[in-house]
Amino acid sequence: EADIYQTPRYLVIGTGKKITLECSQTMGHDKMYWYQQDPGMELHLIHYSYGVNSTEKGDLSSESTVSRIRTEHFPLTLESARPSHTSQYLCASSDGGAGDTQYFGPGTRLTVL
Amino acid sequence: GNSVTQMEGPVTLSEEAFLTINCTYTATGYPSLFWYVQYPGEGLQLLLKATKADDKGSNKGFEATYRKETTSFHLEKGSVQVSDSAVYFCALRGSARQLTFGSGTQLTVLP
């Protein structure tokens, strides 16, 4: 069983607010990822990190930013939330082993009014 | 680039029916292949994986075989249960080390 946590699970906020979605893992994985999942279920990689102080943008352009100051922590920040940011955000980490399997957190469902 | 094509849903079956969800891929080299499952309101859980050609991944009665000659990784289960109702994602990890997902298949199993 993977130990990866996301908070909050659900968030409803107004336009223009700054928010941070938390993601942490206790498995010591170097690699971490953020995905955005649209209502049609498709997942899009928006950020990833291969280690402390390393962050890269993913395939889908996003106005969010990430940081990786500690191995276990990979928060995602939106400086000014808009209704177009309404989505499910999934965090994952991977073990670098055979197949480099990714393990996912439970997700944060964000609604911006 | 890499791509995954998954059978479109939704799929509705009666309990104890046989399940097949088709998945084909395009990739260079020798990708690793995965099936993930997402239950309502939750994140993705790894269901099974295969890291080389002819490998068979299996878990909870589900199976999938890595077929390089047909570039496929079809998911099968002999007898589905109501509790198997979920969204199923096929994915591959290529040389870029990032996962490429299919579009997901919604499965509903009726009692």
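The structure contained in this document is the topic of the report that follows. (Residues numbered from 1 in each chain as written. Chains lettered and ligands numbered in written order. Predicted model: local features only at pLDDT ≥ 70, side-chain atom pairs only at ≥ 80, totals over all residues. Heavy atoms only, no water.)

1. With respect to the overall build of chain A
A tally of regular secondary structure across chain A gives 0 helices and 11 strands. Its C-alpha radius of gyration of 13 Å places chain A within 12% of the 13 Å reference for a compact globule of 113 residues. Across its three principal directions, the C-alpha atoms of chain A cover 40 × 30 × 25 Å. Counting the 113 residues in chain A, one finds 46% classified as buried. Partitioning the intrachain contacts of chain A with sequence separation of at least 6 by distance along the chain shows that 52% fall at a separation of at least 24. Of the roughly 5,300 Å² that chain A leaves accessible, carbon and sulfur atoms contribute 50%. Computing the positive centroid from 9 side-chain charges and the negative centroid from 13, chain A places the two 9 Å apart. (Helix = DSSP H or I, 4+ residues; strand = E, 2+ residues; numbered from the N terminus. Rg over C-alpha atoms; globule rule 2.2 N^0.38 Å. Buried < 20%, exposed > 50% of the residue type's maximum accessible area, 1.4 Å probe, protein only. Contact = heavy atoms within 4.5 Å. Areas by Shrake-Rupley, 256 points an atom, 1.4 Å probe, with all protein chains shown as cover. Lys, Arg positive; Asp, Glu negative; His and termini not counted. Charge placed at Lys NZ, Arg CZ, Asp CG, Glu CD.)

2. Some words on the sheet that holds strand β1 (residues 4-7) of chain A
All names here are of chain A. With antiparallel pairing, the 4 strands of this open sheet are ordered in space as β1-β3-β8-β7. Each edge of the sheet is formed by a strand with only one pairing partner; in this case those strands are β1 and β7 (65-66). Bridge analysis of strand β3 (residues 19-25) against strand β8 (residues 76-78) gives 3 bridges, and the strand direction is antiparallel. Looking at β8, one finds that I19 is bridged to L78. (Pairing = 2+ DSSP bridges.)

3. Quick word on the packing of aromatic side chains
Summed over all chains, the structure comprises 11 aromatic pairs over all chains. Seen from their ring centres, F89(B) and F101(B) are 6.2 Å apart, and the 85° between their planes marks the pair as edge-to-face. With a gap of 12 residues between them, F89(B) in strand β10 (residues 86-93) and F101(B) in strand β11 (residues 99-101) connect regions that are remote in the sequence. For the pair formed by F89(B) and F101(B), the shared burial category is buried. Through a chain of ring-to-ring contacts, three or more aromatic side chains come together here, namely Y33(A), Y35(A), F104(A), F34(B), Y36(B), F89(B) and F101(B). The ring of Y50(A) has K31(A) lying over it, and the distance from NZ or CZ to the ring centre is 5.5 Å. Residue placement shows R68(A) over the ring face of F74(A); its charged tip is 5.8 Å from the ring centre. (Phe/Tyr/Trp six-rings, centres within 6.5 Å; stacked < 30°, edge-to-face > 60°. Lys NZ or Arg CZ within 6 Å of the ring centre and 35° of its normal.)

4. Points about the side chain of H85(A)
Residues and elements named next belong to chain A. Mapped onto the elements, H85 comes out in the loop between β8 and β9 (87-94). In this structure the side chain of H85 is engaged in a polar contact, spanning 2.7 Å, whose partner is the side chain of E63. Ignoring any residue separated from it by four or fewer positions in sequence, one finds H85 in contact with E63, L78, S80, L110 and V112. (Polar contact = N/O pair within 3.5 Å; in protein donor to acceptor, adjacent residues only side chain to side chain.)

5. Overview of the interface of chain A and chain B
Every contact between the two is made by 24 residues of chain A and, on the other side, 22 residues of chain B. Each partner contributes to the roughly 1,700 Å² buried at the junction of chain A and chain B, and carbon and sulfur atoms together form 53% of this total. Across the contact surface, chain A and chain B share 0 salt bridges. Here chain A and chain B share 5 residue pairs in polar contact (both at pLDDT 80 or more) between them. (Buried area = accessible area lost by both parts, 1.4 Å probe. Salt bridge = Lys/Arg side-chain N within 4 Å of Asp/Glu carboxyl O.)

6. Notes on the sheet that holds strand β9 (residues 75-77) of chain B
Residue and element names in this part refer to chain B. Read across the sheet, 4 strands follow the order β3-β9-β8-β7 without closing on themselves; strand pairing throughout is antiparallel. At either end of the open sheet lies a strand with only one pairing partner, and these are β3 (19-21) and β7 (56-59). Here the strands of the sheet are splayed against their neighbours by 15° on average, with no regard to which way each runs. Sheet topology places β3 next to β9; 3 bridges connect them, and they run antiparallel. What sits directly across from T20, in β9, is E76. (Axes fitted to C-alpha atoms, helices over the stretch in contact; angles between N-to-C directions.)

7. With respect to the pairing of strand β4 (residues 31-37) of chain A
Residues and elements named next belong to chain A. For β4, the buried fraction is high: 7 of the 7 residues fall into the buried class. Of the two faces of β4, both are covered, the one formed by K31, Y33, Y35 and Q37 as well as the one formed by M32, W34 and Q36. Bridge count for β4 against β9 is 7 bridges, and the pairing is antiparallel. When the sheet's bridge partners are listed, W34 is paired in β9 with C91. As defined by bridge partners, β4 adjoins strand β5 (residues 43-51) across 6 bridges and the pair is classed as antiparallel. Opposite Y33, over in β5, you have Y48 as the bridge partner.

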